[in-house]
Amino acid sequence: MAEARELTRTRVVYQNIKDLFAAHTIRNTGGLLFLLLAIFLLWPIFMVLLKSINGPEGITLQYYKEFVTKDYYYRSFFNTLLLGLIVTPLCIGAGFCIAYMTTRGPVFLRRSLRLIALLPLMAPPFIFALSLIILLGHNGIITKALNLSWSIYGFTGCVISQTLWLIPLAYMMIENTLSTLNPNLEDSAANLGASEGKILRSIIIPLLTPGFLKAALIIFVMTVSAFGALAILCGRTPFLAPDVYLLITGEGDFNRASVLSMFLILPCAVIFIIQNYLIRGKRYTTIVGKPVAAEPKHLGPVILIPMLAVSFIACGFILLTFGVVGIAAFIKLMGIDNTFTLIYILDARSNVALTNSIKISLLSGLLGAMLGVLLAYVIIRGKFKGLAALEGLGLAGFTLPGTVMGIGYILAFNKPPLILTGTLAILVLNCAFRQLGVGMEAGIIKLKQLSIEIEEASLNLGANVVTTFRRIVLPIIFPACMYGFMYVFILSMIGLSAVVFLVTPGYELASVYIFDAAIWGELGIACATTIKLVIVVGICLAIIQGLSKWTGLSAAARRGV
Amino acid sequence: MKKQRFILFSVALLFLLGSIALAGGTKEAPELEAVEKEVEEEELASEVKVYMSATRENNELISRLIYEGLGVKVIQHFMSCGEVGARLRSEAPRFSADMAINLCAAEAFEAKREGWAIPYISKEWAGAGKAFEDPDGVLTKLANYSTILIGNKDMLDEAGYTLPESWDDLLDPKWRGQIVVPSAVTSGNGYIILYSAMTLYGFNKGLTGKEAEDAGFKYLEALDKNIHHYARSSSTPADLVGRREFMLGMTQDAAALARIRKGYPLVWRAFDEGIGYGGTFALILKGAKEEYTCKKIIDFLGTKEVCEAYADLGNYVTKDPTVIPALYRDVGQLPKYITNLNEEWAVENKARLVTEWKERFLMKQEKKE
C-alpha cells in the first residue's frame, strides 16, 4: 500500500515537472540561457572592469590616470586604431573583389579562387607573420633576391600580415551577401543602358552596405584584438593587444592589463553602435531569400581587370604563404641548412597539443552549436520581454576582443564559487561562449523561413514542445547547427588571443604551441605544426561533412531548406 | 512556481557544468612503461605538472631524464622566467602545476617569500655547498647560467667585423639596429644584463645606491641606440642571429650551444670585463597534488647523472665541481664572471628595477624601424 502511494506520488511529481516543462519550456530555456550567458560572458567582462578600478587600497582610478597621462599608451592606442582603420578597408576592398570574381567573374576561375581564399581560415592567425619573416625578413627569400634593405618588423609588417589574414573572412561574409542579390536587378539596369561602373556604384554597393558594415565590424575587432602576428612582427611599435598580453604573461599585472582591455573594448563598442545605427538606417536595402540562378554575366575589362588583379595578388600571396610554410616544415634550417628533415613534423609535443586542440574544439563545437540553435529558437519563438537583450548577449562574445575574454575568464574563474582555471572546461567554455553567436544568427535566419503554423499543427495534434522541436524544428535548423559547430570548431582549433591566457600544463593547445615556437624563433617547429593543424582541420571538416551525409541529416536539412 | 523554475535551472546548469568538468578531469592514459613503474613504486605518480623556464632543449632533456630515471611523465609548460613568475602571481594560491623547475632567482625567492612553495630538504642535495642550499629547504638551487654575446659568423665575415670583445665595444655605432637582446621584463637573462650593467658601470666603479643604478642605466641607454628590439625570451636572439636576421645578440649560454649544435653559424664570446650570471631553482608549489613525487624529482635532480646532463647542455656550473659546462670545454676553463655581482640585491630589487627599465626602454618613443 505504502509502495503504491509512493509510486503514485512519484508519478505526480514527474507529471508536475513534465507539465511545468511543457507549459514554460521556451521561457525556462530562455531563462537558463540568459543565466549561462550572464555567467560565461557578462561576469568575466564585469571582472575585468572591476579589476581596472580596484587597487591595493580599494576603488581607484589610478590605473586609468596612468593610461591617459603616459605618452606610451597614447601611442599604443593610436597605433591600434590606425591599424584597424587601415586593415579594415583593405580587407573589405580585397574581399569584395574576390567575392565579385567568385560570383560574377569567369566561371573557370570561381572554384579555385574560392578554395584559395578560404584556405587561411583553417590556419592560425599568425601564419602570415611566419611567412613574411621567411620571405621578407632581413634574411628573407625575397629580401635577398631583390637586395632590399627594408624591415618587416614594425607597423608596415603588421598591416600586411593582418590584412592577408583577414581578407578571407571579409571575402566569406561579402560573398554570402553578394550571392543572395537578385541578378535580375543588375540585368534590368544593364538593359536600361547603365554601365557596369554605374551598376556597381548605384545597385550592388548600396545593397551590400549592411554586409560591408557587418564585415567591417568583425574585421576591425579581430584586427585590433588578435595579437599573435603583432607580437611576432611589431618590433618596437606598441599595440594594445600585445601590451595586454605582455602585462599578463610577463608581469602578472592584471590591473593595468584590465585598463588596457577596457580601452580595447572601447573602439569595438563604438563601431558596434555606429554599425547598428547605420544598418538600421539602411534596413530597406536588406536582401533575404535564396540565391537566384542566372547566367554568368560577361564582365567588361574596366571591372574585370582591376578586380582580377586584386584577387590574384591576394590569392597569390595566400598560396605563397602556404607554400613557404609547407617547405619550411621540412627544411632543417631554412636559409642556412636546406636539407630535408622530418624532425619537426614528428615532434611529439606538437602532436599532444594537436590532440588537445581537437578534443577541446569538438567539445566547444558541440556546446556552441547546441546553445546557438537553442538561443535562436528561443529568440524567434519566445514571447517574453528581453529577447532583444538575449540576442545582443549571444552576439557579445563574438564582438568582444578575445584578449579581454581570456583575462576575464582568469579573473572570474580562479576563485570560488566557480573555480575552473587549470581545467579543460575553462577552455571549452571560453571557446563555445565566444563563438556561439554565429550558430545563433544562422539559426535565426533558418527559423524565419519556417512558418510557425507547422509547429502549431504539431502541437495541436498532441506532440509536446520537445517532440515538435525534435521532429519539426531540428531538421530545418540542422544546417545552422552544423554551420555553428564548424565555425566554433575551426575557431577553437586556430584561435589564440583568449586561450593563450588559459592554457596550463597538460592542456597545451596547437595554436599556442605554434605561437610560442614562432616567438622563440623556432620556425621549423612553428611551420610544421601549422601544416599539421591545417591538415587536421581539413580532415575533421571532411569527416563531419561525411558523417552528416551518412546519417542522412544533411539531406533532411536540405529538404527542410 | 518561481521555486520550481529555479530548481529546474539549477539542475540543468549543474548537469551542463558537471558534464564539462568530467570531460576536463579525463587525464591522458599513462604510457605502459609509466604504469609498470607505478606498480613497482606505488607512491610515485605517473605524471606531474611542471612550469619550466629554461631553454626548450633543456626542458625536454630534463623531462626525459626524469621519465627514464623515475618513470614519471613530466607534463611541462615552457615559459620564460618572468612569465612563470607572472603565472604564479595570477594563479596564487591555487596553482595549476605541482612544481617549478629552472625558475630564476627573483621569481623563486618571490615564491618563497609569498609562501607559494613548501619546504623539502633533500638528502641528495646535502653538502652541495652554500651556493646551492636554502637553509629553509624551500628552494633548491640547481645551478647557475650565464648571459653571453653571440654573433652570426657569416654576416660578420661579410661585413669584415669581429665579435666585440668588451661591453663598451657594443656601443660602436656600426652595430646600430643589429643587436637583439632579451627583455628584462620577461626574461631572466634580460634581467641579468640589467644588473650586470649596474654592477660593472656602477658598483664596481665605486658608486653606490641610486648613483650606481643610474650609471648602469646610462650604459644601457647608450646600448639601446644599437638594439633593434627586446625579445620575450633569451632563446629568441639565438635563433634570430643564427638565421641571419640580425648580426649580434645576447643570450643564455645553453641556448647558444644548442643552436651551434643544430648547425647555426654562431660564434660566441664572454666579455673581457666578465659576464653576468644567475641561479636557477626548483621548488614544490603549495597544494601540489603529487607532493611525494615532486620530492623524489628534487632528489633526482641532485644526482650526478642530472648534473652531468645540465653541464652538457652548455651553461651550468653544477653542484659537482668536477663537471665542466660543455660550452666552455673547448676553451678549457670557465669564463670570467663579473666580480661583486650581488644576486641577493638583484632579487630584492627586481620589481623596482624592471619597472624603471620598462619605462626607460620599452615605453619610450619607438625608433624608426
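Just so you know, the residues in each chain are numbered from 1, in the order the chain's sequence is written. To label them, take the chains in the order written and letter them from A, then take the ligands in the order written and number them from 1. Only residues with pLDDT of at least 70 get local features here, since the model is predicted, and only at 80 or more are side-chain atom pairs given and counted; chain-wide, interface and lining totals rely on the full set of residues. Hydrogen atoms and water are omitted, and side-chain values are computed over all heavy atoms in the structure.

A. Geometry of the overall build of chain A. Here a helix means four or more residues in a row that DSSP labels H or I, a strand means two or more in a row labelled E, and each is numbered from the N terminus. Counting secondary structure elements, chain A contains 22 helices and four strands. C-alpha atoms define the radius of gyration in this analysis, and the globule rule sets the expected value at 2.2 Å times the number of residues to the power 0.38. Computed over its C-alpha atoms, the radius of gyration of chain A comes to 25 Å, within 12% of the 24 Å expected for a compact globule of 561 residues. Think of it in three bands: with a 1.4 Å probe and only protein chains considered, a residue is buried below 20% of the maximum accessible area for its type, exposed above 50%, and partly exposed in between. Out of the 561 residues in chain A, the part that is buried amounts to 58%. Residues are treated as being in contact if the distance between any of their heavy atoms lies within 4.5 Å. Of the contacts made within chain A by residues no fewer than 6 positions apart, 80% connect residues no fewer than 24 positions apart. We count Lys and Arg on the positive side and Asp and Glu on the negative side, and we leave His and both chain ends out. One atom stands in for each charge, and that atom is NZ of Lys, CZ of Arg, CG of Asp or CD of Glu. Computing the positive centroid from 40 side-chain charges and the negative centroid from 24, chain A places the two 5 Å apart.

B. Up close: the overall build of chain B. When helices and strands are tallied, chain B shows 14 helices and ten strands. Scored against the burial criterion, the 369 residues of chain B give a buried share of 61%. When contacts within chain B are restricted to residue pairs at least 6 apart in sequence, long-range pairs at least 24 apart make up 76% of them. Here chain B has roughly 15000 Å² of accessible surface; of this, 54% comes from carbon and sulfur atoms. We get accessible surface area from the Shrake-Rupley algorithm with a probe of 1.4 Å; when it comes to residues, only the shown protein chains can shield them.

C. Seen up close, the interface of chain B and chain A. Listed as interface residues are 70 residues of chain B and, on the opposing side, 75 residues of chain A. As a working definition, buried area equals the accessible area (1.4 Å probe) given up by two parts on being put together, with both sides summed. Both faces combined, the contact of chain B with chain A buries some 6100 Å², and carbon together with sulfur accounts for 57% of it. The residue B:Arg232 makes a salt bridge to A:Asp516 at a minimum N-O spacing of 2.9 Å. Any pair of N or O atoms that falls within 3.5 Å is considered a polar contact. Within protein, one atom must be able to donate a hydrogen and the other to accept it, and sequence-neighbouring residues count only if both atoms are side-chain atoms. At the boundary of chain B and chain A, one finds 15 residue pairs in polar contact (both at pLDDT 80 or more). In terms of residue count, the dominant contributor to the side of chain B that touches chain A is helix H1 (residues 2-25) of chain B (twelve residues). Here the nonpolar group is Ala, Val, Leu, Ile, Met, Phe, Trp, Tyr, Cys and Pro; Asp, Glu, Lys and Arg are the charged ones; every other residue, Gly included, is treated as polar. Here the residues of the side of chain B that touches chain A sort into 27 nonpolar, 18 polar and 25 charged. By salt bridge we mean one thing: a side-chain nitrogen of Lys or Arg within 4 Å of a carboxyl oxygen of Asp or Glu.

D. Molecular detail of a negative patch on the surface. Residue and element names in this part refer to chain B. Patch construction takes residues with relative accessible area above 30% that form no salt bridge. Like charges are linked within 9 Å, and nonpolar side chains (Val, Leu, Ile, Met, Phe, Trp, Tyr) are linked within 5 Å. Together, Glu165, Asp168, Asp169 and Asp172 make up a region of like negative charge exposed at the surface. Tracing the backbone through its elements, the reader meets Asp169 in the loop between helix H6 (153-159) and strand S6 (179-182). Overall, the relative accessible area of 33% leaves Asp169 in the partly exposed class.

E. Helix H5 (residues 127-136) of chain A, seen in detail. Of all ten residues in H5(A), ten are buried, a share of seventy percent or more. Taken as a whole, H5(A) has its buried residues at A:Ile127, A:Phe128, A:Ala129, A:Leu130, A:Ser131, A:Leu132, A:Ile133, A:Ile134, A:Leu135 and A:Leu136.

F. Summary view of the pairing of strand S4 (residues 337-340) of chain A. Residue and element names in this part refer to chain A. Between any two strands, pairing holds if DSSP finds at least two bridges. With two bridges joining them, strand S3 (residues 331-333) and S4 adopt antiparallel strand pairing. When the bridges of S4 are listed, Ile331 appears paired with Phe340. As consecutive antiparallel partners, S3 and S4 are separated by three residues, and within that stretch Gly335 has a phi angle of approximately 85°, a positive value.

G. Region of interest: the packing of aromatic side chains. To pair, rings of Phe, Tyr and Trp, with the six-membered ring standing in for Trp, must have centres within 6.5 Å; the planes then decide the type, stacked if under 30 degrees apart, edge-to-face if over 60, and tilted in the middle. Tallied over the full model, the rule gives 36 aromatic pairs over all chains. Between A:Phe96 and A:Tyr100, the aromatic rings sit 5.5 Å apart at their centres with planes inclined by 45°, giving tilted as the arrangement. Remark: A:Tyr100 and A:Phe96 occur in helix H3 (residues 71-104); sequence separation between them is four residues, near one turn of the helix. Of the residues examined, A:Tyr100 reaches a relative accessible area of 4% and is grouped as buried. Both rings, one in B:Tyr277 and one in B:Tyr337, keep their centres 5.3 Å apart while their planes meet at 75°; by these two values the pair is edge-to-face.

H. Up close: empty space enclosed by the protein. Detection works on a 1 Å grid of protein atoms alone, calling trapped sets that fit a 1.4 Å probe cavities and calling open sets with protein on both sides within 12 Å along at least five of seven lines pockets, with lining residues defined by an atom within 4 Å of a point. Grid points are joined across faces, edges and corners, and a volume is the space filled by probe spheres set on the points. Per the stated rule, a full pass over the model turns up ten cavities of 30 Å³ or more. Estimated volume of the largest cavity: approximately 670 Å³. Along the wall of the largest cavity there are 35 residues; nearest its centre are A:Ala231, A:Cys234, A:Gly235, A:Leu246 and B:Tyr230. For the lining of the largest cavity, the secondary-structure elements that each account for two or more residues are H3, helix H10 (228-233), helix H11 (240-251) and helix H20 (510-519) of chain A together with strand S7 (227-231), helix H9 (235-242) and helix H14 (350-362) of chain B.

I. Representation of the side chain of B:Asp299. Residue and element names in this part refer to chain B. For Asp299, the position within the fold is in helix H11 (residues 291-301). Within the buried set, Asp299 has no salt-bridge partner at all; the shortest N-O distance to an opposite charge, 4.3 Å, is to Lys296. At a separation of 2.8 Å, a polar atom in the side chain of Asp299 contacts the side chain of Tyr120. With near-sequence residues (within four places) excluded, Asp299 lies in contact with Tyr120, Ser122, Lys123, Glu124 and Trp125.

J. Quick peek at the pairing of strand S5 (residues 140-152) of chain B. Residues and elements named next belong to chain B. By the criterion of burial, S5 is predominantly enclosed, with 13 of the 13 residues buried. Taken together, the five bridges between S5 and strand S8 (residues 248-252) define a ladder with antiparallel strand orientation. Residue Leu149 lies in a different strand from S8, and its bridge partner there is Met250. The pairing of S5 with strand S9 (residues 266-269) spans four bridges and is antiparallel. Paired with Gly151 across the two strands is Val267, which belongs to S9.

K. Expanded view of the confidence of the model for chain B. Residue and element names in this part refer to chain B. Confidence scores labelled pLDDT are given residue by residue by the predictor and lie between 0 and 100. Residues at a pLDDT of 70 or more form 85% of chain B, whose mean pLDDT is 83. When the criterion is pLDDT under 50, residues 1-40 qualifies, and its contacts beyond four places in sequence or with other chains add up to 49 contacts. Scored as a complex, the prediction yields pTM 0.82 and ipTM 0.76.

L. Region of the structure containing the nonpolar core. If you look at the biggest cluster of nonpolar residues, it comprises 264 residues, and the most contacted ones within it are A:Tyr100, A:Phe433 and B:Leu220. In terms of residue count, helix H19 (residues 465-494) of chain A provides more of this core than any other element does, 17 residues in total. When near neighbours in sequence (up to four residues on either side) are disregarded, A:Tyr100 contacts A:Gly105, A:Leu178, A:Glu186, A:Leu200, A:Ile204, A:Leu299, A:Ile303 and A:Met307. To qualify as a nonpolar core, a set must consist of buried Ala, Val, Leu, Ile, Met, Phe, Trp, Tyr and Cys residues joined through side-chain atoms within 4.5 Å.

M. Quick look at the confidence of the model for chain A. Residues and elements named next belong to chain A. Averaged over every residue, the pLDDT of chain A is 84; the share at 70 or more is 90%. Scored below 50 in pLDDT, residues 283-289 shows eight contacts in the model against residues more than four places distant or in partner chains. Scored below 50 in pLDDT, residues 556-561 makes eight contacts in the model with residues more than four places away or belonging to other chains.

N. Molecular detail of the pattern of salt bridges. Per the stated rule, a full pass over the model turns up 34 salt bridges over all chains. Where A:Asp253 meets A:Arg256, a salt bridge forms, and the shortest distance between an N and an O atom there is 2.7 Å. On the basis of relative accessible area, A:Asp253 is assigned to the buried category, the value being 12%. A single salt-bridge network, built from bridges that share partners, covers B:Lys210, B:Asp214, B:Glu221, B:Glu356 and B:Arg360.

O. Broad picture of a nonpolar patch on the surface. A cluster of nonpolar side chains, contributed by A:Trp43, A:Phe46, A:Leu49 and A:Leu50, occupies part of the molecular surface with about 340 Å² of accessible area. Considering the arrangement of structural elements, one finds A:Trp43 in helix H1 (residues 2-52).

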